[in-house]
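Coordinate analysis (summary)
The residues making up each chain are set out below.
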Amino acid sequence: MTSRAELERRVDELAEEHKGRAFADAITSLAAGLDAPDEELLKDILVRRAANLDQAVMDRVDARGWFRRQWDRAGGA
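Residues numbered from 1 in each chain as written. Predicted model: local features only at pLDDT ≥ 70, side-chain atom pairs only at ≥ 80, totals over all residues. Heavy atoms only, no water.

Take helix H3 (residues 36-62) next. With 27 residues, H3 should cover 39 Å at 1.5 Å per step; its first-to-last C-alpha distance of 39 Å lies within 8% of that length. Considered for burial, the residues of H3 that qualify are Asp38, Leu41, Leu42 and Ile45. Elements in contact with the buried residues of H3: helix H1 (4-17) and helix H2 (21-32). (Helix = DSSP H or I, 4+ residues; strand = E, 2+ residues; numbered from the N terminus. Expected span 1.5 Å × (residues − 1). Buried < 20%, exposed > 50% of the residue type's maximum accessible area, 1.4 Å probe, protein only. Contact = heavy atoms within 4.5 Å.)

And the structure:
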C-alpha cells in the first residue's frame, strides 16, 4: 500500500513534468501500476484537486472587480 503523501508527491511531480494530455497519460501509467486500494486513493487525490481548482476559478469569478475588468476588456469599454 502506498501512502497518501507519497501519491500526492508523485502527482505533484507529474504535474510539474507534464502538461495537458501528457499529464493525463502519465497519471494513467501511474494508475496502471497501482493495486485497487491505491488506485482509489489516487482517484480521490485527483478529484479533490479538481474541486480545489474549480473553487479557485469560482472565487475569481465571485470577485466582482476582477469579473468587471474582464467584461470591460471583452466589450472594449
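The terminal C-alpha atoms of H2 lie 17 Å apart, and with twelve residues this matches the ideal 16 Å at 1.5 Å per residue to within 8%. Of the residues making up H2, those classed as buried are Ala26, Ile27, Leu30 and Ala31. When H2 is viewed along its axis, its buried side chains cluster within an angular range of 135° and face the same direction. Across from the buried face of H2, at angles greater than 90 degrees, the exposed residues are Arg21, Thr28, Ser29 and Ala32. Summarising the contacts, the buried residues of H2 are in contact with H1 and H3. (Arc of directions from axis to C-beta.)

With the rule as written, the count across this model stands at eight salt bridges. Glutamate 8 is the salt-bridge partner of arginine 4, the closest N and O atoms lying 3.2 Å from each other. Residue arginine 4 and its partner glutamate 8 are located together in helix H1, separated by four residues, close to a single helical turn. Judged by its relative accessible area of 30%, arginine 4 falls in the partly exposed class. Here the salt bridges share partners, and the residues they tie into one network are Arg4, Glu8, Asp44 and Arg48. (Salt bridge = Lys/Arg side-chain N within 4 Å of Asp/Glu carboxyl O.)

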